[in-house]
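Residues per chain are reported as follows:
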Amino acid sequence: MSLNPEEVRRIARLARLELSDEETGRTGDQLNGILAFIEQLQAVDTAGVAPMAHAMDVVQRLRVDAVTEPDRREAFQAIAPETEAGLYLVPKVIE
Amino acid sequence: MSQWEVVIGLETHVQLQTKSKIFSGASTAFGAEPNRQACAVDIALPGVLPVLNREAVVCAIKFGLAVDAAIAPRSVFARKNYFYPDLPKGYQISQYEIPVVLGGGIDIRVSHGGTPSEKRVHLTRAHLEEDAGKSLHEDFHGKTGIDLNRAGTPLLEIVTEPDMGSAAEAVAYAKALHSLVTWIGICDGNMQEGSFRCDANVSVRRPGAPLGTRREVKNLNSFRFLQQAIDYEIGWQINEIEEGRKIVQATVLFDPDTGETRAMRSKEDAHDYRYFPDPDLLPLEISPVWTAEVKRGLPELPAAMQARFERDFGLSTYDAASLTATRANATFFEDCVAAAGKDQAKLCANWVMGELAARLNRDEREVADSPVSATQLAGMVRRVADGTLSSKLAKEVFDALWTGEAADADAVIEARGLKQVSDASAIGPIIDEVLAANPKSVEEFRAGKEKAFNALVGQVMKATKGKANPQQVNDLLRQKLTG
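Residues numbered from 1 in each chain as written. Chains lettered and ligands numbered in written order. Predicted model: local features only at pLDDT ≥ 70, side-chain atom pairs only at ≥ 80, totals over all residues.

What follows is about the interface of chain B and chain A. If you look at the interface, chain B gives 44 residues, while chain A gives 32 residues. Counting only elements with at least two residues in the side of chain B that touches chain A, the list comes to β2 (52-53), α1 (54-66), β10 (134-136), β11 (143-147) and β18 (284-285) of chain B. Per-class residue counts for the side of chain B that touches chain A are 20 nonpolar, twelve polar and twelve charged. Sheet topology places strand β3 (residues 87-91) of chain A next to β11 of chain B; four bridges connect them, and they run antiparallel. Paired with Pro-91 of chain A across the two strands is Lys-143 of chain B, which belongs to β11 of chain B. (Contact = placed C-beta atoms within 7 Å. Helix = DSSP H or I, 4+ residues; strand = E, 2+ residues; numbered from the N terminus. Nonpolar A, V, L, I, M, F, W, Y, C, P; charged D, E, K, R; others polar. Pairing = 2+ DSSP bridges.)

To continue, consider helix α10 (residues 391-402) of chain B. Residue and element names in this part refer to chain B. Its twelve residues place the ends of α10 16 Å apart at the C-alpha level, agreeing with the 16 Å of an ideal helix rising 1.5 Å per residue. Among all positions in α10, only Leu-393, Ala-394, Val-397, Phe-398, Ala-400 and Leu-401 are buried. For α10, the angular spread of the buried residues around the axis is 160°, confining them to a single face. For α10, the secondary structure elements touched by its buried residues are α8 (345-362), α9 (374-385) and α11 (409-416). One or two steps after α10, the chain reaches Gly-404, where phi turns positive at roughly 80°. (Expected span 1.5 Å × (residues − 1). Buried ≥ 20, exposed ≤ 12 C-beta atoms within 10 Å, placed from the backbone. Arc of directions from axis to C-beta.)

Here we take up the pairing of strand β13 (residues 196-205) of chain B. Residues and elements named next belong to chain B. Most of β13 is tucked away: seven of the ten residues are buried. Alignment of strand β1 (residues 5-15) against β13, held across ten bridges, turns out to be antiparallel. Considered in β13, the bridge of Val-14 is made with Phe-196. Pairing geometry for β13 and strand β14 (residues 215-220), over four bridges, is antiparallel. Its bridge partner lying in β14, Val-202 is registered against Arg-215.

In this section: α11 of chain B. Residues and elements named next belong to chain B. Looking only at α11, the buried set comprises Ala-409, Val-412 and Ile-413. Across the axial projection of α11, the buried residues extend over an arc of 100°, all falling on one side. Within α11, the exposed residues directed more than 90 degrees away from the buried face are Glu-414 and Ala-415. Check the buried side of α11 and you find it contacts α9 and α10. Taken from the residues just after α11, Gly-417 is the one with a positive phi, measuring 60°.

Residue and element names in this part refer to chain B. If you trace the backbone, Leu-253 turns up in strand β15 (residues 250-255). C-beta crowding within 10 Å serves as the criterion here: with 15 such atoms nearby, Leu-253 is assigned to the partly exposed category. For the pair formed by Leu-253 and Lys-218, sequence separation is 35 residues and the distance between their alpha carbons is 5.5 Å. Those residues within four positions of Leu-253 in sequence are excluded, and the remaining contacts are Lys-218, Thr-261, Arg-262 and Met-264.

Moving on to the sheet that holds strand β6 (residues 91-95) of chain B. All names here are of chain B. As summarised here, the arrangement of the three strands in space is β6-β5-β17, forming an open sheet in which the pairing is antiparallel. Edge strands, defined here as strands with exactly one partner in the open sheet, are β6 and β17 (276-277). In the sheet, strand β5 (residues 77-81) pairs with β17 via two bridges, with the strands oriented antiparallel. Directly across from Ala-78, in β17, lies its bridge partner Pro-277.

It is a general feature of regular strands that their side chains alternate between the two faces of the sheet. Pairing between β1 of chain B and strand β12 (residues 154-160) of chain B: five bridges, direction antiparallel. Across the sheet, Val-14 of chain B pairs through a bridge with Leu-156 of chain B, a residue of β12 of chain B.

Let us look at the confidence of the model for chain B. Averaged over every residue, the pLDDT of chain B is 91; the share at 70 or more is 98%. Here the predicted complex carries an ipTM of 0.89, next to a pTM of 0.84. (pLDDT = per-residue confidence, 0-100.)

The strands making up a sheet associate through hydrogen bonds between their backbones, and the pairing can be parallel or antiparallel. Read across the sheet, four strands follow the order β2(A)-β3(A)-β11(B)-β10(B) without closing on themselves; strand pairing throughout is antiparallel. Two strands bound the open sheet, and with one partner strand each, they are β2 (83-84) of chain A together with β10 of chain B.

Moving on to the nonpolar core. Residue and element names in this part refer to chain B. Counting residues in each nonpolar core, the largest one holds 82 residues, and the members touching the most others are Ala-60, Phe-63, Leu-156, Ala-170, Tyr-173, Ala-200 and Leu-226. Tallying contributions element by element places helix α2 (residues 167-183) first for this core, with ten residues. In contact with Tyr-173, not counting residues within four places along its chain, are Leu-10, Ile-106, Ile-108, Val-121, Thr-160 and Met-164. If you look at the next biggest cluster of nonpolar residues, it comprises 38 residues, including Phe-313, Leu-377, Val-384 and Ala-400. (Core = buried A, V, L, I, M, F, W, Y, C linked by C-beta atoms within 7 Å.)

The following block contains the structure:
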């Protein structure tokens, strides 16, 4: 399996990456290299092996339901490009 | 409509009643100033890690048990990738391939042309996920304001099979689900605050034909909007097809002002979420021991309580269903019966569903803060049962209790002298006076006019200021007139 330039451009768009034509070609080569590795992995017979969701064979640790985080809005907003009335401001989102 | 069949499936986002967020220790309380409850995890600062809230998992287990579903012994969190400013990580943590709850169902009662029938709406799954923040599009001089207080709030998304065939069935399901999640205490049920939101997948087809193309109506936060949006959507789809156009799969929004649905500006890549297991979270394991422990903490469920009311109190299915519509209502009724005595269960039911419900409705109050307590109502019911109060006088007592005029029914009866008169020696002379004063009615009755009899009963009741026992007045009057 390999990706054509159109597919590479679509993946880049989904990831919000702007690629030049030259970069599209290079990124495509890299992605296709990764897919070639995966093809090798897929040659292994995994019948009867349960799919793995995580590399570590441990389970999720759970947290007690308690409010532990103080309000740090001022500190967080000090590094935001623009705020007003406690809100983060971003370019207009139109839907 | 008969040559079209409607197919509806619902996805409901139920906000879970936890103190802190699903993956962080920030508060979930409603109504805080913008971004005061958005911590480093919620705003996705680099280097933070999510840690799952145990209580959110308990809520999911409770729900699974309440709908007879399978609780997954092992479920996996996944990233749903999309870009939107109120989703700072660039992905929502959700569950995809292996959700925490699988299958199950909810029974609904619907009426088809006046005939009530039961139907089970099957559930596909329910999964845990985090909510996004809020975008405010107005008033920021051409910019959008982002409030991330809601980001990371725990949600249980409950997905049905396409089992509903009308807006009425969809509303019946949504109401039953709403009642259940509040009953088991996993959601506050506040629809105005967005704690319970429905998306409806609607399609139409000719009977027997394969499923039609569906459109999804998003974010319906009231039962009325759900009904209106689905009805409008059904009409729109049928019209499109009948005029020779094809339905294109789309996400649509309902505008409550116009009552119409309209397609959102289509984002060509919108549905390519590229889910993959979240490497920041390990698989969630739920042992049978844990499930059993949660099960012991569950309250009696509405269906079981309804069956018990029918069995133990001899109530009709309708009465039992209506009393168990909400847990608060069922508790009130049970407290009332406990105080009035089991023999008065039917009378208690009538008052709870009748006068009490009407008053609460009129004053827009919840049964939990009814001015008349279950014990007060029981005291009044006892006085109706033992003949002290006629139903008319009982209403007067109820009024007095409602306004807080007295502490209990007996005090009202005493203070207002409302005791029903059931003493023949007291009623007899009054009847004689009424007969003497109304010779015309007496004559008409003897000539066979039953209406004249009612007029005479009315006169006696008036003369006793409504205190005479109506049945006794009837009996004595008939005796005197025919005897």
